[in-house]
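# Survey of secondary and tertiary structure
Residues per chain, in single letters:
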Amino acid sequence: MITRMPPDCCVADFSSLVVVANIDIARDLNEIADLLQAQRANSFRVQAYRAGADTLAGLRLSAQEILEDEGRLGLIELPGIGKSLAAVVEERIQTGHSSVLDRLRGDAQAERMFATVPGIGPELASRIHGQLGIDTLQELEQAAHSGSLMGVSGMGRRRVLAVRESLAGRFQRGQREFESLFDNGSQDISGADDVSVADLLWVDEQYRRRAAAEQLVRIAPRRFNPNGKAWLPILHTERSDQHFTALYSNSARAHQLGKTRDWVIIHHDDAGNGQWTVVTEHRGRLKGRRAVRGREIECSRCYTKKELLVER
């Protein structure tokens, strides 16, 4: 058992409430492991979440205390807690819920995710999602830099700047980098993402092909599913030594536009909130092809490169 203890002067302050908080997080990690196992994810990922749960359940010091005193690195130093699990634990502590667990339960909501960003409450999150039709934190970040977020009622300059700073911290991107890209009128943010569009398009193709062949486990999303039917295929896969989860979008916007069998949400399980939306383009140079929202120029280059290789 891990016995990291607080200073003697503070021992009396750490009651069963702290232990319960750690146990609550451990319970979530175990549920994530159970769902990953049921959804046929890599067994090593399943075991990683179980090991992390065991670590937190055995801690006598609050995980929140470690996060506050030492940051995410303090969590990573704990046995069985790597970068991915540290991000999950940090989100659970800061927001009271886990987007990974929501996703695996089929309860992911763009509005709830946006509401985890400082300065954005539930009502404003719903307004942003409905007005801009965006589903991911990456798209929210792009909207904050492109100016479209400023057009949403309630999003003043200071609040937009706060969103930029918060998301820059989550994704470790520089504000200057984004501003230079948009000043040049470019959508190419290849330098901002470690995951290549080639890998994202590969995951998208694997997901849609296997979903069509009914080779994937189906989950019952809680939203827009009054009969509780298990209709939403979910894929856990690896590409370039990275873990991904893919699902069709179950957002209000996707249902409204009839895109629940077209829009694919890909989550980067090694990068906390890393996620992208892949859609079929209906105009422009990518018409009829799959494209990652916000990274269309990269997608165009990717297709061109593939075509050149084929011609050779």
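All residue numbers refer to position in the chain's written sequence, counted from 1. The predicted nature of this model means local features are confined to residues of pLDDT at least 70 and side-chain atom pairs, given and counted, to a pLDDT of 80 or more, with totals for whole chains, interfaces and linings taken over all residues. Only hydrogens and water are removed before side-chain values are computed, so all heavy atoms of the structure are retained for them.

### Considering the pairing of strand β4 (residues 264-268)
Here's how the labels work: a residue is buried when its accessible area is under 20% of the maximum for its type, exposed when over 50%, partly exposed in between, all with a 1.4 Å probe on protein chains only. Runs of E in the DSSP output that reach at least two residues are strands. Runs of H or I that reach at least four are helices, and both are numbered from the N terminus. With 5 of 5 residues buried, β4 is to be regarded as a mostly interior element. Along β4, one buried face is formed by Val 264, Ile 266 and His 268 and the opposite face, lined by Ile 265 and His 267, is buried too. Should DSSP find at least two bridges between two strands, the strands are taken to pair. Note that strand β3 (residues 242-248) and β4 share 5 bridges and pair antiparallel. The partner of Ala 246 across the bridge, within β4, is Ile 266. Bridging between β4 and strand β5 (residues 275-280) involves 4 bridges; their strand directions are antiparallel.

### Concerning the packing of helix α3 (residues 63-76) against helix α4 (residues 83-95)
Two numbers describe how α3 lies on α4: the axes approach to 10 Å, and their chain directions differ by 155 degrees. In this view, α3 runs roughly antiparallel relative to α4, as classed from their interaxial angle. The chirality of how α3 crosses α4 is left-handed. Across the interface between the two elements, Ala 63, Gln 64, Leu 67, Arg 72, Leu 75 and Ile 76 from α3 touch Lys 83, Ala 86, Ala 87, Val 89, Glu 90, Ile 93 and Gln 94 from α4. A per-class count over the contact of α3 with α4 returns 8 nonpolar, 2 polar and 3 charged. All axes are obtained by fitting lines to C-alpha atoms, using only the stretch in contact for helices, and the reported angles, taken between N-to-C directions, cover 0 to 180 degrees. Roughly parallel refers to an angle under 35 degrees, roughly antiparallel to one over 145, roughly perpendicular to one between 65 and 115, and oblique to any angle outside these ranges. Two helices crossing with the near one rotated counterclockwise from the far one by less than a right angle form a left-handed crossing, whereas a clockwise rotation gives a right-handed crossing. Pairs of residues are marked as contacts when any of their non-hydrogen atoms sit within 4.5 Å. In this classification, the charged set is Asp, Glu, Lys and Arg, the nonpolar set is Ala, Val, Leu, Ile, Met, Phe, Trp, Tyr, Cys and Pro, and all remaining amino acids, among them Gly, are polar.

### Observations concerning the packing of helix α2 (residues 43-58) against α4
Relative orientation of the contacting elements α2 and α4 amounts to 55 degrees, with a least axis distance of 11 Å. Classed by the angle they form, the pair α2 and α4 counts as oblique. Every pair of crossing elements has a handedness; the one defined by α2 and α4 is right-handed. Facing Ala 48, Tyr 49, Gly 52 and Leu 56 of α2, the residues of α4 in contact are Leu 85, Val 88 and Val 89. Class assignment of the residues belonging to the contact of α2 with α4 gives a composition of 6 nonpolar, 1 polar and no charged.

### Some points on the packing of aromatic side chains
Any pair of Phe, Tyr and Trp rings, taking the six-membered ring for Trp, is counted once the centres come within 6.5 Å. Such a pair is stacked with planes under 30 degrees apart, edge-to-face with planes over 60 apart, and tilted for the rest. A full pass over the atoms with the stated rule returns 1 aromatic pair. Here the aromatic rings of Tyr 207 and Tyr 248 are separated by 4.9 Å at their centres, their planes lie at 70 degrees, and the arrangement is edge-to-face. Here the residue Tyr 207 occupies a position in helix α11 (residues 197-212), and Tyr 248 occupies one in strand β3, the gap between them amounting to 41 residues. Summarising the burial analysis for this pair, Tyr 207 and Tyr 248 share the class buried. Look at NZ for Lys and CZ for Arg. If either is within 6 Å of the ring centre and within 35 degrees of the ring normal, a charge sits over the ring. If you follow Arg 293 out to its NZ or CZ, it ends over the ring of Trp 263, 4.3 Å from the centre.

### Observations concerning the nonpolar core
Remark: nonpolar core denotes a set of buried residues (Ala, Val, Leu, Ile, Met, Phe, Trp, Tyr, Cys) joined through side-chain atoms within 4.5 Å. With 54 residues, the main nonpolar core has Ile 32, Tyr 49, Leu 75, Tyr 207 and Ile 266 as its most contacted residues. Excluding residues within four positions of it along the chain, Ile 266 makes contact with Leu 200, Val 203, Asp 204, Phe 244, Thr 245, Ala 246, Gly 274, Gln 275, Trp 276 and Val 278. Listed in part, the 19 residues of the second largest apolar core include Ala 110, Ile 134, Val 152 and Val 163.

### A look at the pattern of salt bridges
Side chains bearing opposite charge may pair, as long as their charged atoms lie close to each other. Counted as salt bridges are all cases of a side-chain nitrogen of Lys or Arg within 4 Å of a carboxyl oxygen of Asp or Glu. The tally for this structure, following the rule as stated, stands at 12 salt bridges. Notably, a salt bridge pairs Glu 123 with Arg 127, separated by 3.2 Å at the nearest N-O pair. Pair noted here: Glu 123 and Arg 127 are both in helix α7 (residues 122-132), with a separation of 4 residues, about one helical turn. Close ionic contact of Arg 295 with Glu 298 constitutes a salt bridge, the shortest N to O distance being 2.9 Å. Residue classification places Glu 298 among the buried residues on the basis of a relative accessible area of 10%. One network of salt bridges, with partners in common, ties together Asp 204, Arg 208, Asp 262 and Arg 290.

### Considering the sheet that holds β4
Read from one edge of the open sheet, 6 strands run β1-β2-β3-β4-β5-β6, paired in antiparallel fashion. The open sheet has two free edges, formed respectively by β1 (217-219) and β6 (290-292), since each of these has just one partner strand. On average, each strand axis in the sheet is tilted by 30 degrees relative to the strand beside it, whichever way the strands run.

### Quick notes on α11
The span you would expect from a helix comes to 1.5 Å times its residue count less one. Helix length check: α11, at 16 residues, gives a terminal C-alpha distance of 22 Å against a target of 22 Å (1.5 Å per residue), a fit within 8%. If you check which residues of α11 are buried, you get Val 197, Asp 199, Leu 200, Leu 201, Val 203, Asp 204, Gln 206, Tyr 207 and Ala 211. In the segment just after α11, Glu 214 is the residue with positive phi, at about 55 degrees.

### A few points about the side chain of Ser 166
Looking at where Ser 166 falls in the secondary structure, it is placed in helix α9 (residues 157-171). For Ser 166, the contacting residues outside a window of four places in its chain are Val 117 and Pro 118.

### A closer look at the confidence of the model for the protein
Put simply, the protein has an average pLDDT of 81, and 82% of its residues get 70 or more. Within a predicted model, pLDDT stands for the predictor's per-residue confidence, ranging from 0 to 100. When the criterion is pLDDT under 50, residues 1-20 qualifies, and its contacts beyond four places in sequence or with other chains add up to 23 contacts.

### Considerations on the pairing of strand β2 (residues 232-239)
Side-chain positions along a regular strand alternate between the two faces of the sheet. Along β2, 6 of the 8 residues are buried, which leaves the element largely enclosed by surrounding structure. Pairing of β1 with β2, which is carried by 3 bridges, proceeds in the antiparallel orientation. Across the sheet, residue Val 217 finds its bridge partner in β2, namely Ile 234. Bridge count between β2 and β3: 6 bridges; the pairing is antiparallel. Along β3, the bridge assignment pairs His 236 with Thr 245. Between β2 and β3, which pair antiparallel and follow one another directly, the connecting turn spans 2 residues, one of which, Ser 240, has a positive phi of 55 degrees.

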